[in-house]
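# Descriptive analysis of the structure
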Amino acid sequence: MFHHFHDDKLHKRGQGSMNKDDFYKIIKCVRTFSWIFSIQAIRAAFFQGGRMINGVVIKKLTTHEDHRGFFREVFRFPADFENIPVSQMSHSLVKEGVVKAWHSHRSQSQWNYIVSGQARVVLFDFRPDSKTYREIVSLQIDQEIEPTAYFFPSGVLHGYGCQRGPMHIIYVSSELY
């Protein structure tokens, strides 16, 4: 469950793109600690200064609430998608305790928005030519406390663990699955 790595384009051809040593370091980190991506263990293996990953966007959302409910703007088209085509929007329900990791896209960029629930999200820059190669970003996202959307470009490994569910998550991707 924890050691799943999937590059959607290469995997279909039976090839892999991850360096074997990096893959086993990630597996060891995730297996050694709790199901919720112990960021301390991952940072111990890969720490390089704690910078934001190049191209990743964390967008804190504003909620306007009154007695009728609330309004929340999530994405602005085309502002949030400048030079990024929008090909598909998907909705997933994730049960509490489920971990979905590691996953990568060779050419697809993606915005994620957790509609309800709580998750630990981990992003790992696996692009050798990136200035932030091997950087890790860990996000604790709880829509009841601080609504957040996040974007990651192709080549960034990503995963999450649902800490409070069920969790509803929306994916807006630049390519079709």
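Residues numbered from 1 in each chain as written. Predicted model: local features only at pLDDT ≥ 70, side-chain atom pairs only at ≥ 80, totals over all residues. Heavy atoms only, no water.

Okay, unusual backbone geometry next. Across the junction of Gly165 and Pro166, the peptide omega takes the value 5°, indicating a cis bond. One non-glycine residue, Asn83, adopts positive backbone phi at about 60°. Structurally, Asn83 is set in the loop between strand 4 (69-72) and strand 5 (88-94). Phi is positive for Arg134, which is not a glycine, with a value near 75°. Owing to a relative accessible area of 22%, Arg134 belongs among the partly exposed residues under this scheme. (Helix = DSSP H or I, 4+ residues; strand = E, 2+ residues; numbered from the N terminus. Buried < 20%, exposed > 50% of the residue type's maximum accessible area, 1.4 Å probe, protein only.)

A separate point is the pattern of salt bridges. Under the counting rule described, the total for this entry stands at 6 salt bridges. Measuring nitrogen to oxygen at the nearest pair gives 2.9 Å for the salt bridge that ties Arg164 to Asp142. Placement of the pair is Arg164 in strand 10 (residues 156-173) and Asp142 in strand 8 (residues 136-142), with a sequence separation of 22 residues. Glu144 serves as the salt-bridge partner of Arg164, at 3.6 Å between the closest nitrogen and oxygen. Placement of the pair is Arg164 in strand 10 and Glu144 in the loop between strand 8 and strand 9 (148-152), with a sequence separation of 20 residues. Take Glu144: its relative accessible area is 68%, and that puts it in the exposed class. Connected through shared salt-bridge partners, Asp142, Glu144 and Arg164 make up one network. (Salt bridge = Lys/Arg side-chain N within 4 Å of Asp/Glu carboxyl O.)

The predicted coordinates ought not to be read in detail in places where the model reports low pLDDT. The pLDDT averaged across the protein works out to 77; a share of 71% of its residues lies at or above 70. Contacts of residues 1-18 to residues separated by more than four positions or lying in other chains number 42 contacts, the stretch itself having pLDDT below 50. Contacts from residues 30-49, a stretch scored under 50 in pLDDT, to residues over four places away or in other chains number 46 contacts. (pLDDT = per-residue confidence, 0-100. Contact = heavy atoms within 4.5 Å.)

Quick look at the pairing of strand 9 now. Sheet faces and side chains relate simply in a regular strand, where the side chains alternate between the two faces. Of all the 5 residues making up strand 9, 5 are buried; the element is thus mostly covered by neighbouring parts of the structure. Side chains Thr148, Tyr150 and Phe152 of strand 9 all project onto a buried face; the interleaved residues Ala149 and Phe151 project onto the opposite face, where all are buried too. Here 4 bridges tie strand 2 (residues 57-60) to strand 9, and the two strands are oriented antiparallel to one another. Paired with Lys60 across the bridge in strand 9 is Thr148. Examined bridge by bridge, strand 7 (residues 110-125) and strand 9 share 4 bridges and lie antiparallel to one another. Bridged to Tyr113 within strand 9 is Ala149. (Pairing = 2+ DSSP bridges.)

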